[in-house]
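Observations on chain architecture
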4 protein chains.
Amino acid sequence: MPPKPLPSGSTTHLPPGDELRFGKPTHGWRLRLYSVIFESETRAGRAFDLLLIAVILFSVLVVMLDSVQPIRARWGELFGVFEWIFTIVFTLEYIARLACLGRPLRYARSFYGVIDLLALLPTYLAILVPGLSVLIDVRILRLLRVFRIFKMSRYAAEYRALVTALAASRRKIMVFVGFVFMVVLVLGTLMYVVEGPQHGFTSIPVAIYWAISTMTTVGFGDLVPKTDIGRAIASLMMLLGWGVLAVPTGIVSAEMVRHGRDATPEGFMGRGLLGGMPPCAGCGAEGHAADARFCRRCGSALG
Amino acid sequence: MPPKPLPSGSTTHLPPGDELRFGKPTHGWRLRLYSVIFESETRAGRAFDLLLIAVILFSVLVVMLDSVQPIRARWGELFGVFEWIFTIVFTLEYIARLACLGRPLRYARSFYGVIDLLALLPTYLAILVPGLSVLIDVRILRLLRVFRIFKMSRYAAEYRALVTALAASRRKIMVFVGFVFMVVLVLGTLMYVVEGPQHGFTSIPVAIYWAISTMTTVGFGDLVPKTDIGRAIASLMMLLGWGVLAVPTGIVSAEMVRHGRDATPEGFMGRGLLGGMPPCAGCGAEGHAADARFCRRCGSALG
Amino acid sequence: MPPKPLPSGSTTHLPPGDELRFGKPTHGWRLRLYSVIFESETRAGRAFDLLLIAVILFSVLVVMLDSVQPIRARWGELFGVFEWIFTIVFTLEYIARLACLGRPLRYARSFYGVIDLLALLPTYLAILVPGLSVLIDVRILRLLRVFRIFKMSRYAAEYRALVTALAASRRKIMVFVGFVFMVVLVLGTLMYVVEGPQHGFTSIPVAIYWAISTMTTVGFGDLVPKTDIGRAIASLMMLLGWGVLAVPTGIVSAEMVRHGRDATPEGFMGRGLLGGMPPCAGCGAEGHAADARFCRRCGSALG
Amino acid sequence: MPPKPLPSGSTTHLPPGDELRFGKPTHGWRLRLYSVIFESETRAGRAFDLLLIAVILFSVLVVMLDSVQPIRARWGELFGVFEWIFTIVFTLEYIARLACLGRPLRYARSFYGVIDLLALLPTYLAILVPGLSVLIDVRILRLLRVFRIFKMSRYAAEYRALVTALAASRRKIMVFVGFVFMVVLVLGTLMYVVEGPQHGFTSIPVAIYWAISTMTTVGFGDLVPKTDIGRAIASLMMLLGWGVLAVPTGIVSAEMVRHGRDATPEGFMGRGLLGGMPPCAGCGAEGHAADARFCRRCGSALG
């Protein structure tokens, strides 16, 4: 059985499961539109993807430049025009996405559907609200458009793989962060008592902010211990944070080493590390070890 | 050989050993109270646990908000009332815990017993002491109540697992920290001599505090070398600290990878990683995936 | 099966492939020149290498000292003379390199060929340009000569191995950095909205610079959040950055562990780790220690 | 063959090799003195060790406190007396060490012999020099006595193991640090050109100091980029440093994982990880894998 080509480099937007979930159209203009927007195997699909990435990056760049005072003073009006062009382009794209799907509402409620909508709303709301709200609020809504960049994550299979890898150790890291938070709470309170408001530790929340910046080895230096006892406690916290920092790294390292050993084909480093065993011809089970000669689930010989 | 069910997700407060140690009651109201307070399989037990977690979190939040000057000015009296309600609730809970155990004194001397008591004492001591001591001392005692949050650690099996993992590499990390401390002592002294009091390095302990903040890559910036030699030494220390930082991470990573390989079922990441499958009866091959039903080398069925 | 000698410690400048690519001469003075310049097995070749390293280091030292104002005021003219001596030496060396190769143009376009040229150009351009350009531009060109130090990388096999190891995980780290950049873009924008120009976050690019310095745990402290919400977001970013920092470390650790397991002889840590012993002919057991002469499972002699 | 007890927890000062090298005495008072000073199996030997550790720690504490101005003003004279007592005690100990060895000069030239002498010299030199040198120089000599603390490293087998582990990956980390130094040199020079003396980057060495503090994620904040280009370069450096930081950690992690696998009995984590296979009864070879049944060197069956 020859190993069939793997779609690891593929940039299909919707995995097979999503095709069913959102209702891939079966014929006519909607199928053609679908294949351009949601697929990237065809030349038109790939061109659409690259164009969309370029527009997203350019629109984010415009928002960023618009925030720099001297540039805004000079090009502000042009940016306003661009702003509306981008918004109309993204609106048309959003409508097209919904139009070609069999179950548009289900897509609209999915993660990327919400992100797509969030990228549109601020500019429209900015028209309605200015008469009611103050200027700063409008700007907050506008800046939400930066979320557009998250749409990019859909275009690179590598991004999705990385998110998967982070999600795998997410729970362990969360538990660890919770543990760190408890330590930081107690030590921050201790520093609040030791240093007190006269040295900048004006409240327990501020002291916790300082404790986090110390234990994560960020160390801004806006708050620093000034008493001898405070410096001694800070020294212990730095050494403690240094040692404890090893834990999340160890979790992820072990996860990565495991991926290499277990050869899960869709895993973060899987394929690259172990050379990609084909799925079982008998039962379709995947993720066989690199030295496997028989399917571990149904026992039939592997290619 | 059927795989036996694993209690990894269980949230029983007392492990089997502790049931014997503290004397689990065998019948009557004490058994019912015990099952509510110390166990979480029943509906009442789980409700009690969730309620207690909520009260602990809320009481810690009150202590934190009470330290913020503007909030305290406005809500201080209400916080005082909450303070007493929490203290009475925790006192009743503490008495109930002792009452339903066969060996209450042994529990009172255990780690959680002491934590439980420490969470109560400050508020009561604040009544007795004010006539004698100054106000600031009382506040120190008050803030000890933040230790209440440690009671939470009992409610998550994950927390206990993490503590176990840290404890396993504790000795090695301690030796390492000791080694780092020696290096920091010598280099701090060197910087004290090179930079001297005129650049803020007023004594060897201060210079050691600086050396720790540099080698742990915290770098507050309250003390910085100003001479050329001082900056050269600081550069070497930063590179040294960077390289040496790898050691505790390596220790914990190796520990985690080992856990995965040895398949200790109760270990930190154990079960999930390798599943501790028995070797193949046919060919003796080891290291089967956790979901394997057939040997990957010879194809015969696994136990 | 006698273990064949490994060329891991060899310092031949051009790997066998490059000998063909650049056209190694076959006889006469060009072969002699080639063996001195490009090879290091002969005494003359090794002496040439060491001399060149010394000259490169010395020329970089001169550029560095030339930038220190008091030293420049006193020794500036001497540095100018050295500058020209170094440039002439490197020019002659560059000509000699091209002269002895069969395909000099191909070498000139290779990575080291370009570096060699970049190390020469600034000093020459500084003669032509001064009449046209301002002084500061010239200095920029001059400082490019620091790139000379990259020529050193050719002289240590270890350097090349390290570059290989970094290149192996380069793509994964790049994807990760891209992911981090997206997070930093969104969180930086959020901080720009929350803190605003009055607290130093004058534009989104500045806020992104701050977000990067926070999530990488650098924490300069030139910009710090001053509002309560800003500090809360900063705390979350620090914890997030701390957890996420584990990812590149995990990638590289897994890569290194894999190198050790696969026993690739030319790999970064390869040979030293497992030694690539053949499996036992008697029982097929693998993973023998590098110094094993008998199978640890069945006791029969190993190849 | 029962596994014979392992001396892993032993604190014998001289390993068997050193006994031959330095000439362990064979009888009389020198043997008794030797067993007290260099060995720790006897009660007298252990008491001597603990006493020496206590004296070393106390003497270091006195030097540290002596540097704190208010404490020195009050207790300075007492510290001077202690100073002399410690020096005399260490002098007597040094003489005793040399006296009981067969080859005292060889010991005096060994690492610990030099450390022992360095711990004595400053106080004596402080008598001779004051007439000639200025006061500050004398203090420098005095502070060298902090090296005394290094004598402690002899008393803990764990310390020695850690040093061994660091030494094992020393060469790789050094190569890596050299690589980082090249990057830092080029980027520091670039920042010197971009930011220039007006923003604090007064010379290339200062810019390199800043580049190191940035790439190691220390980030003191005494020097910060102020131009937009400078901040962009700094952002790239921070991300680069973050990714590159993974390399030494990966090196050490892989080393630690390997130690666990190869079961080198004297290695850093060796014994603890693999349960300690006994040495071969036939040839005395050590470090057998945990699953070994036959000696890998001579092929005879293991106990």
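Computed from a predicted structure; not experimentally measured.

**Topic: helix α6 (residues 111-118) of chain D**
Residues and elements named next belong to chain D. For α6, the full list of buried residues reads G113, I115 and D116. Taken down its axis, α6 places every buried residue within 160° of arc, on the same side. If you follow the buried residues of α6, they end up packed against α4 (69-100) and α5 (104-108).

**Quick notes on the pattern of salt bridges**
All names here are of chain A. Applying the stated criterion across every chain yields a total of 4 salt bridges over all chains. Residues R97 and E93 are paired through a salt bridge, measuring 2.6 Å at the closest nitrogen-oxygen approach. A residue pair is termed a helical-turn pair when its members lie 3 or 4 positions apart in one helix, as R97 and E93 do in helix α4 (residues 69-100) at 4 residues. Take E93: its relative accessible area is 7%, and that puts it in the buried class.

**Side note on the confidence of the model for chain A**
All names here are of chain A. Across chain A, the average pLDDT comes to 72, with 63% of residues at or above 70. Element-level pLDDT for chain A is lowest in helix α14 (residues 270-274), with a mean of 31, against a maximum mean of 91 in helix α11 (residues 204-215). Considering only residues more than four positions removed or in separate chains, one finds that residues 1-15, a stretch of pLDDT under 50, has 26 contacts. Interface confidence for the predicted complex, given as ipTM, is 0.72, next to a pTM of 0.75.

**Overview of the environment of G113 of chain A**
Residue placement: G113 of chain A occurs in helix α6 (residues 111-118). C-alpha separation for the pair G113 of chain A and L98 of chain A, spaced 15 residues apart in sequence, amounts to 9.0 Å.

**Thoughts on the environment of K24 of chain B**
Within the fold, K24 of chain B resides in the loop between α1 (16-22) and α2 (28-37). For the pair K24 of chain B and Y34 of chain B, spaced 10 residues apart in sequence, the C-alpha separation works out to 7.5 Å.

**Topic: the nonpolar core**
Ranked by size, the top nonpolar core spans 172 residues in total, and within it W210 of chain A, W210 of chain B, W210 of chain C together with W210 of chain D carry the most contacts. Dropping the residues within four chain positions of it, W210 of chain D is found in contact with F220 of chain C together with M191, F201, L223, V224, P225, A234 and M237 of chain D. Formed by 18 residues, the second largest nonpolar core is a distinct cluster that contains F90, Y94, Y107 and L120 of chain B.

**Focus: the packing of aromatic side chains**
The tally for this structure, following the rule as stated, stands at 24 aromatic pairs over all chains. On the basis of an interplanar angle of 85° and a centroid distance of 5.3 Å, the ring pair of F22 of chain A and Y107 of chain A is categorised as edge-to-face. Here F22 of chain A, found in helix α1 (residues 16-22), pairs with Y107 of chain A, found in helix α5 (residues 104-109); they are 85 residues apart in sequence, far enough to count as distant. Note on accessibility: F22 of chain A and Y107 of chain A belong to one class, buried. Ring geometry for F58 of chain D and F86 of chain D: centres 5.6 Å apart, planes at 80°, overall edge-to-face. Residue F58 of chain D is located in helix α3 (residues 43-66), and its partner F86 of chain D is located in helix α4; the two are separated by 28 residues in the primary sequence.

**Topic: α3 of chain D**
The terminal C-alpha atoms of α3 of chain D lie 35 Å apart, and with 24 residues this matches the ideal 34 Å at 1.5 Å per residue to within 8%. Taken as a whole, α3 of chain D has its buried residues at G45, D49, L52, I53, V55, I56, S59, V60, V62, V63, M64 and D66 of chain D.

**Some remarks on the packing of helix α12 (residues 228-244) of chain A against helix α11 (residues 204-215) of chain B**
Between α12 of chain A and α11 of chain B, the least distance of the axes is 9 Å, while the angle of their chain directions is 25°. Put simply, α12 of chain A runs roughly parallel to α11 of chain B. Here α12 of chain A and α11 of chain B pass one another in a crossing that is left-handed. Across from R231, A234, S235, M238, L239 and W242 of chain A in α12 of chain A, the residues of α11 of chain B making contact are V206, Y209, I212, S213 and M215 of chain B. A class-by-class count of the residues in the contact of α12 of chain A with α11 of chain B yields 8 nonpolar, 2 polar and 1 charged.

Rules and cut-offs
Residues numbered from 1 in each chain as written. Chains lettered and ligands numbered in written order. Predicted model: local features only at pLDDT ≥ 70, side-chain atom pairs only at ≥ 80, totals over all residues. Heavy atoms only, no water. Buried < 20%, exposed > 50% of the residue type's maximum accessible area, 1.4 Å probe, protein only. Helix = DSSP H or I, 4+ residues; strand = E, 2+ residues; numbered from the N terminus. Arc of directions from axis to C-beta. Contact = heavy atoms within 4.5 Å. Salt bridge = Lys/Arg side-chain N within 4 Å of Asp/Glu carboxyl O. pLDDT = per-residue confidence, 0-100. Core = buried A, V, L, I, M, F, W, Y, C linked by side-chain atoms within 4.5 Å. Phe/Tyr/Trp six-rings, centres within 6.5 Å; stacked < 30°, edge-to-face > 60°. Expected span 1.5 Å × (residues − 1). Axes fitted to C-alpha atoms, helices over the stretch in contact; angles between N-to-C directions. Parallel < 35°, antiparallel > 145°, perpendicular 65-115°, else oblique. Left-handed = near helix turned anticlockwise from the far one by under 90°. Nonpolar A, V, L, I, M, F, W, Y, C, P; charged D, E, K, R; others polar.

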